[in-house]
Structure formats: C-alpha cells, structure tokens
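# Fold and geometry: a report
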Amino acid sequence: MAVVYQCRSCHDVLATFYKHDSRIMQSLSALTPDEAAEMVERRGDDLVVWVLCEHCQAAYEAHPELYELESPLQ
Ligand SMILES: [Zn+2]
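Residues numbered from 1 in each chain as written. Predicted model: local features only at pLDDT ≥ 70, side-chain atom pairs only at ≥ 80, totals over all residues.

## Details of the overall build of the chain
Helix and strand content of the chain: four helices and four strands. Traced from its N-terminal end to its C-terminal end, the chain shows the element sequence β-β-α-α-β-β-α-α. Taking all 74 residues of the chain together, the buried fraction comes to 3%. Here the analysis covers contacts within the chain between residues at least 6 apart in sequence; of these, 49% occur between residues at least 24 apart. (Helix = DSSP H or I, 4+ residues; strand = E, 2+ residues; numbered from the N terminus. Buried ≥ 20, exposed ≤ 12 C-beta atoms within 10 Å, placed from the backbone. Contact = placed C-beta atoms within 7 Å.)

## Some points on the sheet that holds strand S2 (residues 13-18)
On the basis of which strands lie adjacent, the open sheet formed by four strands has the order S2-S1-S4-S3 and mixed pairing. On the outer flanks of this sheet lie S2 and strand S3 (40-43), each paired with one strand and no other. In this sheet, neighbouring strand axes are inclined to one another by 25° on average, regardless of whether the strands run parallel or antiparallel. Direction of pairing for strand S1 (residues 2-7) relative to strand S4 (residues 46-51): parallel, over a ladder of five bridges. Within S4, the position partnered with Gln6 by the bridge is Trp50. (Pairing = 2+ DSSP bridges. Axes fitted to C-alpha atoms, helices over the stretch in contact; angles between N-to-C directions.)

## A word on the pairing of S1
Within a regular strand, the side chains alternate between the two sheet faces. Here five bridges tie S1 to S2, and the two strands are oriented antiparallel to one another. Bridge pairing in S2 links Tyr5 to Ala15. Linking two consecutive strands that pair antiparallel, namely S1 and S2, is a turn of five residues; a positive phi of about 65° is found at His11 within it.

## Examining unusual backbone geometry
Residues other than glycine seldom take positive phi values, yet His11 does so here, at roughly 65°. Residue placement: His11 occurs in the loop between S1 and S2.

## Things to note about the environment of Ser9
Position of Ser9 among the secondary structure elements: in the loop between S1 and S2. Residue Ser9 is classed as partly exposed on the basis of its 18 C-beta neighbours within 10 Å. The contacts of Ser9, once residues within four sequence positions are left out, are Leu52 and Cys56.

By themselves, these observations are geometric and do not establish any function.
Here it is as structure tokens:
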C-alpha cells in the first residue's frame, strides 16, 4: 500500500510514500474530513493525494480564473 502525491492539474506524480512512513500518515490525519474528501482518493490498495505541483501552483497563482472553470465545486 502506497500514498501517491499526484498533481491534480498535470497529473505528474510528485512523490510516493509507504504506509510505514509515520510522517505521511501524520500529515494525512491532520487533514480535516472535508479536505480529505476533496484531496484523497482510494485507488486499489493505494491512496492518491491530489495536490498542485510547483509548476501548476505558479500557473494557478498567475491565472486563478483558468482553474476555477475546471473546479468540480459549483
Ligand atoms: Zn502540475
């Protein structure tokens, strides 16, 4: 079982952690239920955490309106 950090915009895999890494489990358990529902997806035995990579974060900050159009939130 792995925890995969993947960019929700470009789908690059940023990092892969394994369950025995206590730091990653701490950071996951620090999410609120709303954040976890929005960011964490179960994929088979793995958990995918959708984040923004540095590149997409910079693009988002430059053009937030582009990302709002793609948001699944109403
Ligand atoms: Zn990205």
